[in-house]
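Here is what each chain is made of, one letter per residue.
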Amino acid sequence: MTGDGRADGHDGGAERGTVVTPSAEFPPLRPDELRALRRIGEAWRGGASRTDALPVDPTLRRHGERPAPTRFGRLAPIAMFRVEEPDELVAAEPANVPGSRFGRSVTRLRRALFGPPLSSAAVLYERMRKTVALPVLSSDLLSSVAYGPEAMLAVLVLAGSGALGLSLPLAVGLAVLMVAVGASYRQTIPAYPHGAGSYIVAGDNLGPRAGLVAAAGLILDYVLTVAVSVAAGVQAVTSALPALTPLAVPLGVLVIALLLAGNLRGVRVAGNLFVLPTYAFVVAVVALLLAGGFQAAARGFTPVPPDPVPAVEGLSLLLVLRAFSSGAVSMTGIEAVSNAVTAFRTPEWRNARTTLTWMIGMLVVLFAGLTLLFHQAGLVPASDETMLSQLARVTFPSGPWYGLVQAATATILLLAANTAFNGFPRLLFFMARDGHAPRRFLHMGDRLAFSNGLLALAVAAAVILVAFRGHTEALIPLYAVGVFLAFTLSQAGMVVHWRRHRGPGWRRRATLNAVGATLSGLVLVTAGVSKFTEGAWVVVVAVPLLVLLFRAIQRHYRILHRSLALRPPSDAGPSGAAASEAQELPQEVRHLVVVPVARLNRASLRGLAYAASLGQPTLAVHIAPEEPEADRFREQWRAWGDHVRLETIVSPYRAVIGPLAHYLEALHAGRADLVLTVVVPEVMVRRRWHRPLHSRTEKRLRAALRPLPGVVVTSVPVHLTE
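(A) Expanded view of the overall build of the protein. Check the secondary structure of the protein and you find 23 helices and seven strands. The buried share of the protein, taken over its 722 residues, is 49%. In the protein, 79% of the contacts between residues at least 6 apart in sequence involve partners at least 24 apart. For the protein, the exposed surface amounts to about 34,800 Å²; the carbon and sulfur share of it is 62%.

Shown next as structure tokens:
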């Protein structure tokens, strides 16, 4: 990125690359393109008919409000369009319904699952208030305390149960890291009030490559967030119900499908679905902390000695750093608010910053409190039960409270992936705006959600979950590297941002971001080195591969834009085979209409009639398997009257598509300035099961001719009557 999406203060205007609207798929023309367009228009010589010369009324006013029933509205005459001034048609909601019976059935099913379509104007109302945004955007961050402290202790216990006491100073260090990174992102929100994840901040301040590296780390983080959260949630369920352990992977895939369906219903609906589970988890853990704290106070805060565990690895600085980086996975999702500033109600940046403050405060309290209680209760990581489950079982040995804590934990872990479902499509949206991702990720679906991005995330996460068989321990080593790579680049980018603009207090702000970048960088290096052989190498290899992919996509779009950019008529256009595709003025176009004719019947005669009606030179081509058949066809042609020049080609190997395509290519090579318009008669069947009864030569011919430059393929349909 080179400046797209830059905003320097909370009062900055909306800029390209940050504003999320349905119109993002249709960017405006640049000033030089507008000038070229005006020159092209001046060079036209009546190439287009006036509106009042058309044989129909394009505004549909003559049709009234109740048009006659058609194949698109057999059941009832319904108005598909309404006319607005000045002479502007607006498609009504029924116009979105397909005409086929199968299409209408699919549409009814989609609306039953995801709800009716929303108007583009509703994008302003699909925003969240703080009480909804807090659980939606914090579900990943807060749920990570269910496995983050345990991941840290699982590394420390390798040095024996005596090393578990180091969890307290490590928890203090992690709390400092959480506050530092959280405060850094608080500064990012007003500096980039239209939404700025690591991709935009790093690209804006450190250069496009740094932005792509941050984007690669975020993409891996989002995919792993879904996989890890769902795997941890399923593990919480199987800890309480061991009989479901063999079904862990299918249950995980089912949860991902349900999350996808919920998010396809739209941002506001998805937010309302996830409010209660997040608040229920916070209440359950706070109750657990209070009850466990009272029990520890009754013992005089004397820790219960943990069960002895033999050491399998010596206590070393490297092991301590590994434990620190493992516990740091509790911070995943901390940048979700800065990504989704535009999802808040006005004033967006202020509401987002308040929400982030509450998130950081809750994270520190829950993480530090659980780590302290694990130490006080003398708990040791076990393979068959999570530590949070152990703590709840010890704290609530009787009554329904254990079940409630486990249910709340399992629910939020399963739904924590919703944070990724919120951030991943927006990241791809911003990348697609800059040409680094496929443009289909700019598209908003029926419910104003980025459907393509949601589908891509769900498929990728399901593949990861199945590949690792739903084991949280195998996924976490992949987790920290990508997210802290993005953290580090984002905070380093903010340091450059403050140095550039040097507003009031810029030194203090730059220092705070520098601290966040330094701490995040230390965790990144530690996680990458210490967990390289455990699976972190996958991320180390995947990030540069993703960056290469992003650059290849941008290179393609750059070539596309250069090829399709508007140029004044005086500029030299392409030469050679592509000359016919450079004709942009009606007086420059030279036609040759070619009609492939297999046999003389109603379909081929209609194609010939259509071609002749264009008033351009016309050539008919017949492919014959042998000479006698070619002679018979020429006799039939003369009987018809020989109204169009006929060329017969004998194909002794009985191929049709190849000889015809090569013949057209040879014609075009002889006159590169000609536009070959191939008119293909096509029989249209009414029922799907009729299609295998036909050779479908027309579709194969279109597929073969489409790659040829300067060739236009026109289909003349002939519908069967019953």
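(B) Quick peek at the sheet that holds strand β4 (residues 618-624). Spatially, β5-β4-β3-β6-β7 is the arrangement adopted by the five strands of the open sheet, whose pairing is parallel. This sheet does not close on itself; its edge strands, each paired only once, are β5 (645-650) and β7 (711-719). For this sheet the average axis-to-axis angle between neighbouring strands, irrespective of direction, equals 25°. Bridge count for strand β3 (residues 590-596) against β4 is four bridges, and the pairing is parallel. The residue of β4 that forms the bridge with Val-593 is Thr-618. Here helix α21 (residues 627-640) sits on the sheet and contacts β4 and β5; the angle it forms with β5, its principal contact strand, is near 165°.

(C) Structural context of the nonpolar core. Counting 152 residues, the largest nonpolar core has Val-226, Val-230, Leu-370, Phe-421, Met-431 and Phe-484 as its most contacted members. For this core, the leading source of residues is helix α7 (residues 208-240), giving 19 residues. Counting 19 residues, the second largest nonpolar core, distinct from the first, contains Leu-592, Val-621, Ile-623 and Leu-676.

(D) Inspection of the pattern of salt bridges at higher detail. This structure, assessed with the given rule, holds five salt bridges. A salt bridge links Glu-385 to Arg-393, with the shortest nitrogen-to-oxygen separation between them at 3.0 Å. A salt bridge links Arg-634 to Asp-631; its shortest N-O distance comes to 2.5 Å. Taken together, the positions of Arg-634 and Asp-631, both in helix α21 and three residues apart, correspond to about one turn of that helix. Several salt bridges share partner residues, and in doing so they unite Glu-627, Asp-631 and Arg-634 into one network.

(E) Just unusual backbone geometry, in detail. Despite not being glycine, Arg-502 has its phi angle at roughly 50°, a positive value. The residue Arg-502 is located in the loop between α17 (472-501) and α18 (506-530) in this model.

(F) View of helix α8 (residues 248-264). The end-to-end C-alpha distance of α8 is 25 Å, a good match for the 24 Å that 17 residues give at a rise of 1.5 Å each. Listing the buried residues of α8 in full gives Gly-252, Val-255, Ile-256, Leu-259, Leu-260, Gly-262, Asn-263 and Leu-264.

(G) Expanded view of the packing of aromatic side chains. Considering all chains together, one arrives at seven aromatic pairs under this definition. Ring plane angle 40° and centroid distance 5.1 Å describe the contact between Phe-429 and Phe-450, whose orientation is recorded as tilted. A residue pair is termed long-range when its members are at least 10 positions apart, and Phe-429 in helix α15 (residues 418-433) and Phe-450 in the loop between α15 and α16 (451-467) qualify at 21 residues. Residue classification places Phe-429 among the buried positions, given a relative accessible area of 0%. An aromatic cluster is defined as three or more aromatic residues linked by ring pairs; in this entry it consists of Tyr-185, Phe-484 and Phe-487. A cation over an aromatic ring shows up here: Arg-509 above the ring of Trp-498, its NZ or CZ 5.1 Å from the ring centre.

(H) Spatial organisation of the confidence of the model for the protein. Of the residues in the protein, 78% reach a pLDDT of 70 or more, and the chain-wide mean stands at 78. When pLDDT is averaged over each helix and strand of the protein, the minimum, 53, is found for strand β1 (residues 81-84) and the maximum, 90, for α16. Note on residues 62-67: pLDDT is under 50 here. Beyond four places in sequence and across chains, it has seven contacts.

(I) Fine view of the side chain of Asn-513. When you line up the elements, Asn-513 lands in helix α18. Residue class for Asn-513 comes out buried when judged on its relative accessible area of 0%.

(J) Main features of the pairing of β3. With five of seven residues buried, β3 is to be regarded as a mostly interior element. Bridge count between β3 and strand β6 (residues 674-684): five bridges; the pairing is parallel. Within β6, the residue paired with His-591 across the bridge is Val-675. Viewed along the sheet, the connection from β3 through helix α20 (residues 602-613) into β4 turns out right-handed.

(K) Inspection of a nonpolar patch on the surface at higher detail. A contiguous nonpolar patch, built from Phe-532, Trp-537, Val-538, Val-540, Val-541, Leu-545 and Leu-548 and spanning about 630 Å² of accessible area, is present on the exposed surface. The class for Trp-537 is partly exposed, based on a relative accessible area of 44%.

(L) Region of interest: the packing of α7 against α8. The geometry of α7 relative to α8 is characterised by a closest axis approach of 9 Å and an angle of 125° between their N-to-C directions. In terms of orientation, α7 and α8 fall into the oblique class. Considering the relative orientation of α7 and α8, their crossing is right-handed. In contact with Val-226, Val-230 and Val-234 of α7, α8 contributes Ala-248, Leu-251, Gly-252, Val-255, Ile-256 and Leu-259.

(M) Broad picture of the environment of Leu-315. Along the chain, the position of Leu-315 falls in the loop between α9 (267-298) and α10 (317-327). On a C-alpha basis, the gap between Leu-315 and Ala-159 in space is 5.2 Å, while along the polypeptide they are 156 residues apart. Residues contacting Leu-315, with those up to four places away along its chain left out, are Ala-159, Ala-163, Leu-166 and Val-320.

(N) Summary view of the side chain of Asn-351. Residue position: Asn-351 is located in helix α12 (residues 348-377). For Asn-351, a relative accessible area of 13% puts it in the buried group. Not counting the four nearest positions on each side in its chain, Asn-351 is found in contact with Lys-130, Phe-344, Arg-345 and Thr-346.

The rules we used
Residues numbered from 1 in each chain as written. Predicted model: local features only at pLDDT ≥ 70, side-chain atom pairs only at ≥ 80, totals over all residues. Heavy atoms only, no water. Helix = DSSP H or I, 4+ residues; strand = E, 2+ residues; numbered from the N terminus. Buried < 20%, exposed > 50% of the residue type's maximum accessible area, 1.4 Å probe, protein only. Contact = heavy atoms within 4.5 Å. Areas by Shrake-Rupley, 256 points an atom, 1.4 Å probe, with all protein chains shown as cover. Pairing = 2+ DSSP bridges. Axes fitted to C-alpha atoms, helices over the stretch in contact; angles between N-to-C directions. Core = buried A, V, L, I, M, F, W, Y, C linked by side-chain atoms within 4.5 Å. Salt bridge = Lys/Arg side-chain N within 4 Å of Asp/Glu carboxyl O. Expected span 1.5 Å × (residues − 1). Phe/Tyr/Trp six-rings, centres within 6.5 Å; stacked < 30°, edge-to-face > 60°. Lys NZ or Arg CZ within 6 Å of the ring centre and 35° of its normal. pLDDT = per-residue confidence, 0-100. Right-handed = clockwise from strand over helix to strand, strands pointing away. Patch = residues over 30% accessible without salt bridge, like charges linked within 9 Å, V, L, I, M, F, W, Y side chains within 5 Å. Parallel < 35°, antiparallel > 145°, perpendicular 65-115°, else oblique. Left-handed = near helix turned anticlockwise from the far one by under 90°.

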